[in-house]
Amino acid sequence: MLNYLPGAAGVMTEDRLMATKKSAKTPNVSADELKSYYRDMLLIRRFEEKAGQLYGMGLIGGFCHLYIGQEAVVVGLEATAKEGDSRITTYRDHGHMLACGMDPNGVMAELTGREDGYSKGKGGSMHMFSKEKRFYGGHGIVGANVPLGAGIAFADKYKGNDNVTFTYFGDGAANQGQVYETFNMAALWDLPVIFVIENNQYAMGTSQQRSTSSAEIWERGKAFGIPGEAVDGMDVLAVKAAGEKAVAHCRSGEGPYILEIKTYRYRGHSMSDPAKYRTREEVQKMRDERDPIEQVRKLLLTGDHATEDDLKSIDKEIKKIVNDSAEFAKNSPEPALEELWTDIYATEVPQEA
Amino acid sequence: MATEILMPALSPTMEEGTLAKWLVKEGDTVASGDIMAEIETDKATMEFEAVDEGTIGKILVAEGTEGVKVNTPIALLLEEGESADDIDTAASASAPAPADKAQSSETAPAAAKAHPTPAADVTPDWPEGTKMKQQTVREALRDGMAEEMRRDDSVFLMGEEVAEYQGAYKISQGMLDEFGPKRVIDTPITEHGFAGIGVGAAFGGLRPIVEFMTWNFAMQAIDQILNSAAKTLYMSGGQMGAPMVFRGPNGAAARVGAQHSQDYAAWYMQVPGLKVVMPYSASDAKGLMKTAIRDPNPVVFLENEILYGRTFDVPDMDDFTVPFGKARIWREGTDVTIVSFGIGMTYALEAAEKLAEDGISAEVLDLRTIRPMDTAAIIRSVQKTNRCVTVEEGWPQGSVGNYISSVIMQEAFDYLDAPVINCTGKDVPMPYAANLEKHALVTTAEVIEAVKQVTYR
């Protein structure tokens, strides 16, 4: 029961992004739902802007990869998840954590390397986890999280529950060999894993057309008999619709599913990326015409689902959450020196504790 | 009050930069995400975006200014309802102190955390009078795994040829029949991938045993063993870890050449977060396997193909386990301590036997686990014999023996009557020719020679 979209040939351009599957013209979605997507996406955007600012002030160190522009991907997919589902991603992970309900204070405090961070300040931007939210990281090795995600799905299948694992990776990671080793075993063993390729078109500074032989990465799943589709990742409703299909497939025991979500990151690869591999016009055009938050904002206003004042009050609420998280993260103490020596060996399995 | 816009750090190492260009002017309104300026660092020119919305009240640093320190106020942003008149007071407010580097406490943590030297545990591994049975290492490993799989449903075995083929080296013989294909799983030839799936399954609450047909092939998977399995507990602040066993034959077999003959004990020994086991006897193979499967941490279990067929006494008792970090004294002696592990024990014991004929009394210690290492037992023995020789098949530079030597130097220097000698494999890739291969490995003659050197005989 494969469901392949016809793949258009050609290079990855904005046209390709537009050509991907769109949500229905008149989405059947409630005002509350729309508002919650607006709110969740805005939280990620404002949080990331604040993280960028704290980085600029020297409060966040090392690498810091911002998710701005890609918000619809995680918010759309989290809308399809149920209690018990897991998620795992690579290093551009702040959005995933906020979308699955992790506390912005704990995330921001991890970014500043403080005691109240999710990993007590020992993981940093790229390595954060939440046992409670079944968020399995936060991985700094590109592609390594893909077999890990399939392994979490393996555990669910072994236990006989109907949980699924959202395994996120980028168009860059999609060229790692272990991704295809994993596709093979996931298909062979019908693992309930949704491979989410967040295609933001650039693997660090290398565009898809310069790095990837296939125009449609999800079609690589065909070689393994894994169904999938391309999705407009700037449209949260399109992401949600595709996610529901993928989740239904996996939950019913039919094995893995691939979603190639065409998205775009507005900021550089990391904070120290001058982004000379693309034009300012390209970025600006995407922001002006395709912005995921702006699209929902328009839907809310034109559909009379919300007034400008309603949205302003959401903006205000988000601004407060984000500012509070920054204050929290600045004021949380650095971890005690004794923490250097803890969490190297477990005396009991922590995820069972 | 107006918000100060500060000169940002745009890379992990930037301390100052050039304010190359302003893209906004005083009086402009900006929203989050608008590009306000271009800033040149030593690496590149970067765009600088607004985080808050407001009106540019005053530009404090003119474009073209070089050497602007990070966190210097470069402009003032007025919020709704503020006017430029408010600026003077705001501007006089001093810039917030940059992230205080000194806050990272100066108190250096204890450098290389000294090995605590607790009293060595010399209790016997099984009660006196326990009935013994003869078993090969191969059978002992299988029994260890099978007993744990009966005890805990979350334990499963995966690897190449472990199920229908009954194991490439027949370690998993009969296990598919007993536990079925759900728990004894043949994988494709895809070490990197199935090691990662194993680690993920451990994250997800199972207790995987991942068999590598040999540890040489685990090189394809070493990223998952180190970066995913060993480090996650730390990186997650203790929230999750990888309770699992990676196992398979390690080191040289016979005539299989350079790519199939490497000893990885010294490699994995280095990694905090891993435990590393390298048994010699069948009883240790069984007892340590059961401990490894129960351990809540990732365990690297290094077996040896040549030892698989060797027969030893194994205690015939329910639930026999051997603790990690406890060396075994195979032979007591007074003149020299020979420390070894795994197949190295073959040379150590053979040498001790021959040395006894020459009137040299060697104490032979089997480390059994390389990490945690029972350095207390080594020190205790060296304090008695005042001399030490280490024996392993791995390469000399950065060997397990090198580490043992450094521990002895730091903790028992005054007890030493001679330098410690490390007997190792030769510093060459493993050759195929029979005569060369024999010479490439450590030999009993070399161990004897080393002992004579340290005992000045």
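Residues numbered from 1 in each chain as written. Chains lettered and ligands numbered in written order. Predicted model: local features only at pLDDT ≥ 70, side-chain atom pairs only at ≥ 80, totals over all residues.

An unreviewed UniProt entry lists chain B under the name Pyruvate dehydrogenase E1 component subunit beta, with Sulfitobacter sabulilitoris as the source organism. Annotation of chain B in UniProt includes, under Subunit (unreviewed entry), the sentence "Heterodimer of an alpha and a beta chain." In UniProt, chain B has this text filed under Catalytic activity (unreviewed entry): "N(6)-[(R)-lipoyl]-L-lysyl-[protein] + pyruvate + H(+) = N(6)-[(R)-S(8)-acetyldihydrolipoyl]-L-lysyl-[protein] + CO2". (UniProt positions renumbered as here; feature names shortened; annotations may be inferred.)

**Digging into the overall build of chain B**
The number of helices and strands found in chain B is 14 helices and 22 strands. Over its C-alpha trace chain B gives a radius of gyration of 31 Å, far above what one expects of a compact globule, namely 23 Å for 457 residues. Dimensions of chain B, computed from C-alpha atoms along their principal axes, come out at roughly 100 × 55 × 45 Å. Contacts in chain B between residues far apart in sequence, at least 24 positions, make up 75% of those at least 6 positions apart. (Helix = DSSP H or I, 4+ residues; strand = E, 2+ residues; numbered from the N terminus. Rg over C-alpha atoms; globule rule 2.2 N^0.38 Å. Contact = placed C-beta atoms within 7 Å.)

**Thoughts on the overall build of chain A**
A count of helices and strands for chain A gives 12 helices and eight strands. Here the C-alpha radius of gyration of chain A, 20 Å, is about what a compact globule of 353 residues would show, namely 20 Å. Oriented by its inertia axes, the alpha-carbon framework of chain A measures out at about 55 × 50 × 40 Å. Taking as baseline every contact in chain A between residues at least 6 positions apart, the subset at least 24 positions apart corresponds to 77%.

**Some details on the sheet that holds strand 1 (residues 3-6) of chain B**
Residue and element names in this part refer to chain B. What the four strands build is an open sheet, ordered 1-8-6-3; its pairing is antiparallel. Both edges of this open sheet fall to strand 1 and strand 3 (29-30), since each of them pairs with a single strand only. Two elements, strand 3 and strand 6 (residues 54-59), share two bridges in a ladder whose sense is antiparallel. For Thr29, the partnering residue across the bridge sits in strand 6 and is Thr55. (Pairing = 2+ DSSP bridges.)

**Some thoughts on the nonpolar core**
Among the nonpolar cores identified, the biggest contains 226 residues, and A:Ile194, B:Ile338, B:Val389, B:Val447 and B:Val451 are the most heavily contacted of them. Broken down by element, this core gets its largest block of residues, 11 residues, from helix 2 (residues 31-56) of chain A. Among residues more than four places away in sequence, those in contact with B:Val451 are B:Val336, B:Ile338, B:Ala351, B:Leu355, B:Ile360, B:Ala362 and B:Val389. (Core = buried A, V, L, I, M, F, W, Y, C linked by C-beta atoms within 7 Å. Buried ≥ 20, exposed ≤ 12 C-beta atoms within 10 Å, placed from the backbone.)

**Let's talk about the domain arrangement of chain B**
We note that the domain assignment places domain 1 (3-95), domain 2 (132-315) and domain 3 (328-454) within chain B. In this structure, domain 1 of chain B and domain 2 of chain B have C-alpha centres spaced 57 Å apart. (Domains from an automatic or database assignment.)

**Quick word on helix 7 (residues 177-188) of chain A**
If you check helix 7 of chain A, its first and last C-alpha atoms are 17 Å apart, about what 12 residues at 1.5 Å a residue would give, namely 16 Å. Along helix 7 of chain A, the residues classified as buried are A:Gln178, A:Val179, A:Glu181, A:Thr182, A:Phe183, A:Met185 and A:Ala186. Contacts made by the buried residues of helix 7 of chain A are with helix 6 (145-159) and strand 4 (193-199) of chain A together with helix 4 (191-203) of chain B. Downstream of helix 7 of chain A by one or two residues, A:Asp190 has phi in the positive range, about 50 degrees. (Expected span 1.5 Å × (residues − 1).)

**Brief notes about the confidence of the model for chain A**
Taken residue by residue, chain A gives an average pLDDT of 92. The fraction at 70 or more is 92%. Long-range and interchain partners of residues 1-16 of chain A, a stretch whose pLDDT sits below 50, account for 25 contacts in this model, where long-range means more than four residues apart. (pLDDT = per-residue confidence, 0-100.)

**Concerning the packing of helix 5 (residues 104-111) of chain A against helix 12 (residues 308-331) of chain A**
Residue and element names in this part refer to chain A. At a closest axis distance of 8 Å, the pairing of helix 5 and helix 12 adopts a crossing angle of 45 degrees. Judged by the angle between their axes, helix 5 and helix 12 are oblique. The two elements helix 5 and helix 12 meet at a crossing, and its hand is right-handed. Side by side, helix 5 and helix 12 meet where Pro104, Asn105, Met108, Ala109 and Leu111 of the first sit next to Ile321, Val322, Ser325, Ala326, Phe328 and Ala329 of the second. Considered class by class, the residues forming the contact of helix 5 with helix 12 number nine nonpolar, two polar and no charged. (Axes fitted to C-alpha atoms, helices over the stretch in contact; angles between N-to-C directions. Parallel < 35°, antiparallel > 145°, perpendicular 65-115°, else oblique. Left-handed = near helix turned anticlockwise from the far one by under 90°. Nonpolar A, V, L, I, M, F, W, Y, C, P; charged D, E, K, R; others polar.)

**Some points on the environment of A:Leu237**
Relative to the helices and strands, A:Leu237 resides in helix 9 (residues 236-251). The spatial distance from the C-alpha of A:Leu237 to the C-alpha of A:Pro104 is 24 Å, given a sequence separation of 133 residues.

**Examining the sheet that holds strand 13 (residues 244-249) of chain B**
Residues and elements named next belong to chain B. Reading across the sheet, the seven strands line up as 11-10-12-13-15-14-20 and stay open at both edges, with mixed pairing between neighbours. The sheet terminates laterally at strand 11 (184-186) and strand 20 (369-371), the two strands that pair on one side only. Here the average twist between neighbouring strands, direction ignored, is 20 degrees. With three bridges connecting them, strand 10 (residues 155-159) and strand 11 associate as parallel partners. When the sheet's bridge partners are listed, Gly159 is paired in strand 11 with Asp186. Helix 8 (residues 282-294) contacts strand 10, strand 12 (207-211), strand 13, strand 14 (275-277) and strand 15 (298-303) of the sheet and is inclined by roughly 160 degrees relative to strand 15.

**Structural notes on the pairing of strand 6 of chain B**
Judged from the four bridges that link them, strand 6 of chain B and strand 8 (residues 73-78) of chain B form a sheet pairing that is antiparallel. Across the sheet, the residue bridging to B:Lys58 is B:Leu76, located in strand 8 of chain B.

**Let's talk about the interface of chain A and chain B**
The interface is formed by 58 residues belonging to chain A together with 57 residues belonging to chain B. Broken down by secondary-structure element, the contributors of at least two residues to the side of chain A that touches chain B are helix 2, helix 6 and helix 7 of chain A. In terms of residue class, the side of chain A that touches chain B is made up of 26 nonpolar, 20 polar and 12 charged.

**Some points on the UniProt feature "domain: Lipoyl-binding" (unreviewed entry) in chain B**
As recorded in UniProt, the feature "domain: Lipoyl-binding" (unreviewed entry) lies at residues 2-78 of chain B. End C-alpha to end C-alpha, residues 2-78 of chain B measures 5 Å, and it is 0% helix and 53% strand.

**Digging into unusual backbone geometry**
Cis geometry is found at the peptide bond from B:Arg371 to B:Pro372, where omega equals 0 degrees. With respect to the secondary-structure elements, B:Pro372 resides in the loop between strand 20 and helix 11 (375-385). With a phi close to 55 degrees, A:Asp304 is a non-glycine residue in the positive phi region. Tracing the sequence through the fold places A:Asp304 in the loop between helix 11 (292-302) and helix 12. For A:Asp304, a count of 8 C-beta atoms within 10 Å corresponds to the exposed category. Backbone geometry at B:Asn71 places phi at a positive 80 degrees, although glycine is not the residue there. Tracing the chain through its elements places B:Asn71 in the loop between strand 7 (65-69) and strand 8.

**Here's the deal with the environment of B:Val428**
Along the chain, B:Val428 turns up in the loop between strand 22 (421-423) and helix 13 (434-440). Sequence separation between B:Val428 and B:Leu441 is 13 residues, and the spatial gap between their C-alpha atoms is 9.7 Å.

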